[in-house]
Amino acid sequence: MRSAVPTYTRIEVEPGLRQIILIEIVFPMVLLLLGISTGLLQVLFRSGVIRAPSFLGMNYYQGLTLHGVINAIVFTTFFAVAFGHAVVRFFLNKPLPLGVQWLSLILMVGGTLAAAIPMLAGKATVLYTFYPPLRAHPAFYFGLVAVVIGSWIGFFGWIPAYRSWHRENPGVKTPLGVLGIFATFILWIIATIPVAIEIVFLLIPWSLGWVKTVNVPLARMLFWFFGHPLVYFWLMPALVMYYVMLPKVAGGKLYSDFAGRFAFLWLLVFSAPVGLHHQFMEPGISSSWKFVQTVFTMLVAVPSLVTAFTITASMEHAARQRGGHGLFGWWTKLPYVDRDRWLFAYLFAGLISFFVGGITGIINASYSMDAVVHNTAWLPAHFHQMVAGPVFLAFIGGSLLLVSTLTGKEIVMKGLNVWVPWIWTFGILIFSLGLFVGGLSGEPRRTNMGLTYTNPASPLYQPTWQFARIVGTIGGVIMFLAAVLFFIIFFGTLFSKKRTAGALELPYSELVHDEDVPAVQSFRPWLVGAVILLAVAYTGPFIELAQQHFPGSPPYIPSSPLAQPNK
Amino acid sequence: MIEKRVAIAAVIFVLALTGVIALAVRTTGIGLPTCLTDVRPFSQGKVIEQAPKRYEIHYVARMWKFDPPEISLVPGSVADIYLSTADVTHGVDIIGTNFNLMAVPGAVNYARVKFEHPGDYLVVCNEYCGLNHQNMAGVIHVTEKAAAPPPPPAAPAAGAGKAVLEQYACTACHSVDGSAGTGPTFKGLFGSKRVFADGTTTIADEEYIERSIEKPSANVVKGFDNVMPEMPVPPADIHAIVQYIETLK
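Scoring rules and cut-offs
- Residues numbered from 1 in each chain as written.
- Chains lettered and ligands numbered in written order.
- Predicted model: local features only at pLDDT ≥ 70, side-chain atom pairs only at ≥ 80, totals over all residues.
- Helix = DSSP H or I, 4+ residues; strand = E, 2+ residues; numbered from the N terminus.
- Buried ≥ 20, exposed ≤ 12 C-beta atoms within 10 Å, placed from the backbone.
- Contact = placed C-beta atoms within 7 Å.
- Axes fitted to C-alpha atoms, helices over the stretch in contact; angles between N-to-C directions.
- Parallel < 35°, antiparallel > 145°, perpendicular 65-115°, else oblique.
- Left-handed = near helix turned anticlockwise from the far one by under 90°.
- Nonpolar A, V, L, I, M, F, W, Y, C, P; charged D, E, K, R; others polar.
- Core = buried A, V, L, I, M, F, W, Y, C linked by C-beta atoms within 7 Å.
- Domains from an automatic or database assignment.
- Pairing = 2+ DSSP bridges.
- Expected span 1.5 Å × (residues − 1).
- Bend = angle between axes of the 7 residues up to and from the residue.

**Some details on the overall build of chain B**
- Along its length, chain B carries four helices and twelve strands.
- With 249 residues in all, chain B has 36% of them scored as buried.
- Of the contacts made within chain B by residues no fewer than 6 positions apart, 61% connect residues no fewer than 24 positions apart.

Given below as structure tokens:
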């Protein structure tokens, strides 16, 4: 079979779908203003620049909850759905059912607002991992469920288009971007089922007072069953952009079609049966099962390495097309700061932190080494390299691309725009350097350290951590500067004058090697593999939990050391 | 063909990494947390000396202190630490060791640590456990004379009383406007008559307020529970708090 390469570069989009995509981009971008400002506040609190429990009425931990929920759950889910609409609509060139997509949008917006109100009111200061027995207001849990169900419905709306495209194009491979987005959302459904069980059957009845106690070890295992595939749900839309768009905007072709398909399908199988690597340091789960999942975790590194080599090969191909030569000399020929190929900068800069994030991820996942870094500042340093690196840069770059093409508006301040991802990446490397160093010396994550550990007046003052925090704060301020520049460019573009009629125009790469490998042309064998591996990885741990009769936990709220009366 | 090569490369990669991990576990002697199904959660901390330099420690994490708050050992001690929590999830990191475990409600965690070098090992909570999380710390003294108490920390500079109250999150439980909370309100406290759970009474003077901060369990006001943690508040800050409470008529 051959790959389908579109014969068009732009398509007209139904006005309804255009509105849906634009709302799904702009709504979370407005929330991101708050999500990123609270990020800046984190570094200022931790280093003791702000030495107080609260700033402008917002508690440190309340801001941390907003930072996590907005940036890591709301922004990412909205973008994945909006980007999926665009990719499916563009590459299949089939209309999508608008009623279904409006329903999806309404559920996601409604759910976000339902969760935002208790968070802003300080009734859900439980961080975005909402570990029981800290209890949030029930609206917080209902809101999260609505966001997830809305995103499922968005995906269901693409299936008819996929089916009918396949009927009309027998013997043609699914477009790579569509395969990537479908793998992303199939994984999302696998991942969100356990967390839905946790929220609907354990947390909501408990937060409403219908049941008195909650089984915390069970809730934690269900949460991390979801928690690791969640990070791949963030990463995979970015990988779609790396495989489909980056080689094109670099001026070349994708080196291998097979590598892309293999990476997406392998991630679909291996990113879920690995959640125990977040629970290495916990009781109630035997070391053997933790070790089994360690091995599976190492297998998730395979598609990341495949991606690294394939993208590098594609970059070399592009650079040689642009006149690069020599063993290493071609590196100088890539369009790093070409204002007309600005998307290259957004995607390529993310690869730098992707590298750091990947290496540190292998360290975290190595069972015994995790004892050194678990829950220290090292952890946020690692995952910011991923979710605030390639994921964030690809998502804001993708948001700018979609807004500009769908509204027919020219991006403003293009010369500045191309520097935004580089400033951001420079900032995040410094930010993470501070957190890596502090983490290795034990600096705890998720802690308002300015009150104690970085407060010279406190008996708990730790000078080593104070130095690391100063470095981290410098990095955080640089990141915030890049974010402010981006917001100016994004909203400047959104409110600028229309230049052309809006349409959907996505860059896509042609292929150097279009391999015909039947194994990566169907989801079915990989889905079977995913189910088998999940059963292998999780049946044992769940039986272990069921055999131990843990005393249940009553609810607690963050401001009191007393169990709350559960009426 | 390419599939076969990819599959072989993947298998080699996995085996190599697995081997490296297994080797690391063996050679570094890192004590991994162990599943304990036969130990019931306990709520009292204790240190049991089973033999010279061999200890069993029952360590309880609670909002927002460790029990026991201070432990003294001699260099070279091997401690079997059993960890439980009395309320929410906590993370317990003994800085400078590889002991870094989660305390999960309902379960008991375990690891063995050897304390080779003398010094004061800071113990921090590294999982968010409520608004006072940043104050939750303990210490393990490793000295030749295990019984020697640590020198008290030097008095830091005083801050404005109101800011200090917020700094230690006192206002999470004690209101300053007379409204009800987990603990008694500070409004009108100074000079008032206090009735305690055991029936005794006193007039709230400076000494009483100081004592209540340093040793909250000494006098528990009638109608309230004995839940306030002993927090590491330096004398200067205590003085600032007392002065501020005096102004809350």
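**Some remarks on the packing of helix H13 (residues 378-407) of chain A against helix H16 (residues 463-494) of chain A**
Residue and element names in this part refer to chain A.
- Closest axis-to-axis distance for the H13/H16 pair is 10 Å, and the angle between their directions is 15°. It follows from the interaxial angle that H13 and H16 lie roughly parallel. For the element pair H13 and H16, the recorded crossing hand is left-handed. Contacts from Ile396, Ser399, Leu400, Val403 and Ser404 of H13 reach H16 at Phe486, Phe490, Thr493 and Leu494.
- Of the residues assigned to the contact of H13 with H16, the class counts are six nonpolar, three polar and no charged.

**Focus: the nonpolar core**
- Counting residues in hydrophobic clusters, the biggest one holds 237 residues, and the most contacted among them are A:Leu187, A:Leu267 and A:Leu347.
- Considering every element that reaches this core, the biggest residue donor is helix H7 (residues 216-244) of chain A, with 22 residues.
- Inspection of this core shows a minimum of three residues originating in each of domain 1 (46-142) and domain 2 (161-247) of chain B.
- Setting aside chain neighbours within four positions, we find A:Leu347 in contact with A:Met241, A:Tyr242, A:Met245, A:Leu246, A:Ala394 and A:Gly397.

**Looking at the domain arrangement of chain B**
Residues and elements named next belong to chain B.
- Splitting chain B by domain gives domain 1 (46-142) and domain 2 (161-247).
- Summarising the inter-unit geometry, the C-alpha centres of domain 1 and domain 2 are found 28 Å apart.
- In this complex, domain 1 contributes six residues to the contact, which on the side of domain 2 involves six residues.
- Of the residues belonging to the side of domain 1 that touches domain 2, the class tally is three nonpolar, two polar and one charged.

**Thoughts on the pairing of strand E8 (residues 109-115) of chain B**
Residue and element names in this part refer to chain B.
- Only one face of E8 is buried: it carries Asn109, Ala111, Val113 and Phe115, and the other face, with Tyr110, Arg112 and Lys114, is open.
- Examined bridge by bridge, strand E5 (residues 77-85) and E8 share seven bridges and lie antiparallel to one another. For Tyr82, the partnering residue across the bridge sits in E8 and is Tyr110.

**Quick look at the interface of chain B and chain A**
- Facing the 62 residues of chain B at the interface are 58 residues of chain A.
- Sorting the residues of the side of chain B that touches chain A by element identifies helix H1 (2-28), strand E6 (90-94), strand E7 (100-103) and helix H2 (161-167) of chain B as the ones contributing at least two each.
- For the side of chain B that touches chain A, the leading source of residues is H1(B), giving eleven residues.

**Brief notes about the pairing of E6(B)**
All names here are of chain B.
- Burial runs high along E6: five of the five residues are buried.
- By the bridge criterion, four bridges tie E6 to E7 in an arrangement that is antiparallel. Paired with Val92 across the two strands is Leu101, which belongs to E7.
- Between the antiparallel neighbours E6 and E7 lie five residues, among them Gly96 with a positive phi of about 95°.

**Quick look at helix H17 (residues 524-547) of chain A**
All names here are of chain A.
- Compared with the 34 Å implied by 1.5 Å per residue over 24 residues, the 34 Å span of H17 between its first and last C-alpha is a close match.
- Tyr538 marks where H17 bends most, by close to 35°; the proline Pro541 follows one to four residues later.
- In this structure, the buried residues of H17 make contact with helix H6 (176-207), H7, helix H9 (257-270) and helix H10 (287-321).

**Observations regarding unusual backbone geometry**
Residue and element names in this part refer to chain B.
- Cis geometry marks the peptide bond from Met63 to Trp64; its omega dihedral reads -5°.
- Mapped onto the fold, Trp64 is located in the loop between strand E2 (54-62) and strand E3 (65-67).
- The omega angle of the peptide bond from Asp67 to Pro68 is 0°, so this bond is cis rather than trans.
- Assignment of secondary structure puts Pro68 in the loop between E3 and strand E4 (70-73).

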